[in-house]
Amino acid sequence: MPELPEVETIRRGLERVLVGRVVQHVEVSEKRSCTVSSQELAAAIVGAQVETVSRHGKLLIIGLDNALSLLTHLRMTGQLIFKAADVDTGLEASGAFPDKWESDFGGGYPNQSFIGNLPDKTTRIIFTFSDGSHLYFNDQRKFGYVKPVPTGEVQLDDFVASLGPEPLDPCFSAEDFAARLPKGSKRSVKSVLLDQSTVTGIGNIYADESLFLARILPSRTVASLTRSEITALYAAIRSCMEQSIADGGSTMKDYVDSEGLRGEYLDLHATVFNRAGLPCRVCGAPIRKTKVAGRGTHYCENCQK
Ligand SMILES: [Zn+2]
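On a predicted model such as this, the values are computed, not experimentally measured, just so you know.

Next up on the list: the overall build of the protein chain. For the protein chain, the helix and strand inventory stands at eight helices and eleven strands. Looking at the protein chain residue by residue over its 305 residues, the buried ones come to 52%. For the protein chain, the share of sequence-separated contacts (at least 6 apart) that also reach a separation of at least 24 residues comes to 65%.

Moving on to the pairing of strand S4 (residues 68–73). With respect to burial, S4 is a largely interior element, six of its six residues being buried. Judged from the four bridges that link them, strand S3 (residues 59–64) and S4 form a sheet pairing that is antiparallel. Along S4, the bridge assignment pairs Leu-60 with Thr-72.

Nonpolar side chains in soluble globular proteins tend to be buried together. Membership of the largest hydrophobic core comes to 32 residues, with the highest contact counts inside it found for Phe-177, Leu-193, Ile-202 and Leu-233. Of the residues forming this core, the biggest block, eight residues, is contributed by helix H7 (residues 227–246). Beyond its immediate chain neighbours, meaning those up to four positions away, Phe-177 contacts Phe-172, Leu-193, Val-199, Ile-230, Leu-233, Tyr-234 and Ile-237.

Coordination of the zinc ion by the protein comes from Cys-280 (SG), Cys-283 (SG), Cys-300 (SG) and Cys-303 (SG), over a distance range of 2.2 to 2.5 Å. Donor residues for the zinc ion sit on one chain with the sequence pattern C-x2-C-x16-C-x2-C. On the accessibility criterion, Cys-300 (0% relative accessible area) is buried.

The next thing to look at is the packing of helix H6 (residues 204–213) against H7. Put simply, H6 and H7 touch, their axes get as near as 8 Å, and they point 125 degrees apart. Put simply, H6 runs oblique to H7. For the pair H6 and H7, the sense of crossing is right-handed. For the pair H6 and H7, the contacting residues are Tyr-206, Glu-209, Ser-210, Leu-211 and Leu-213 in the first and Leu-233, Ala-236, Ile-237, Ser-239, Cys-240, Met-241 and Ser-244 in the second. Grouping the constituent residues of the contact of H6 with H7 by class yields eight nonpolar, three polar and one charged.

Here His-298 lies in strand S11 (residues 295–299). Owing to a relative accessible area of 3%, His-298 belongs among the buried residues under this scheme. One polar contact links His-298 to Asp-208, side chain to side chain, over a distance of 2.8 Å. Among the polar contacts listed, one links the side chain of His-298 to the backbone nitrogen of Asn-274, at a separation of 3.3 Å. Apart from residues lying up to four places away in sequence, His-298 is in contact with Asp-208, Pro-218, Val-272, Phe-273, Asn-274, Arg-275, Ala-276, Ile-287, Arg-288 and Lys-289.

Criteria and cut-off values
Residues numbered from 1 in each chain as written. Predicted model: local features only at pLDDT ≥ 70, side-chain atom pairs only at ≥ 80, totals over all residues. Heavy atoms only, no water. Helix = DSSP H or I, 4+ residues; strand = E, 2+ residues; numbered from the N terminus. Buried < 20%, exposed > 50% of the residue type's maximum accessible area, 1.4 Å probe, protein only. Contact = heavy atoms within 4.5 Å. Pairing = 2+ DSSP bridges. Core = buried A, V, L, I, M, F, W, Y, C linked by side-chain atoms within 4.5 Å. Donors = N, O, S within 2.8 Å, 3.2 Å for Na, K, Ca; no water. Axes fitted to C-alpha atoms, helices over the stretch in contact; angles between N-to-C directions. Parallel < 35°, antiparallel > 145°, perpendicular 65-115°, else oblique. Left-handed = near helix turned anticlockwise from the far one by under 90°. Nonpolar A, V, L, I, M, F, W, Y, C, P; charged D, E, K, R; others polar. Polar contact = N/O pair within 3.5 Å; in protein donor to acceptor, adjacent residues only side chain to side chain.

Dropping the structure here:
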């Protein structure tokens, strides 16, 4: 599953090519991939223009100018692939459309769909825009979805309401983070970080990396954390996320970003994740791998207390 930095990378790519486009046609070919029928979705969005592409945790939010938003979750195998119009309409030359709209790209689960012809057998929803370009929502395993909701009610959506704050939100402080940790809890700090109601968007990679950066063992209970450790963990989460976004995301299982490029975070900056047996980049001791909260967990027993 993509983590927050990967979804942010996709958001930036989508924002670049979708904003300003007008939906001309939409077709849902898999019921599980959309919360409403093909006809209902068409009635709701045909003729509307894309105004914004935002994100809450791993949820992408495509805002339209008719006060409707499309909540889009890629889950395990979802992809969003944009294809510019095949034929040169001449409209670009006339200045009617900006040059940036000329490029194709895709983001999400990496497979052949990025380079093959679309639609293919994993295509669940096709959005066609007024210039003949398309956005394909592909999802091999059908766990992802598109859900139209009134823009004013996005925060009331059950899933959105279940999520904790965005770790990179400038308003999210170390005090807010401390207040969201279950006080006196015997749960491991790693499991609490993975719980999307604590802070949204932290998955296995960034939980391990943040805990290393904060020098905290993943198996420690929340109750055992000192105030200064909590502050260090808060700073570490933000720092890992920001670094990964700067690197274009992580490359686990050849994860590709919105332009089909592989992110470089794991190669360049990850200190413990996927490095079991390799020397710690700080002290040289071998990185250990164990299970915490049911997930493969990487740590340095020398650097982390
Ligand atoms: Zn170490």
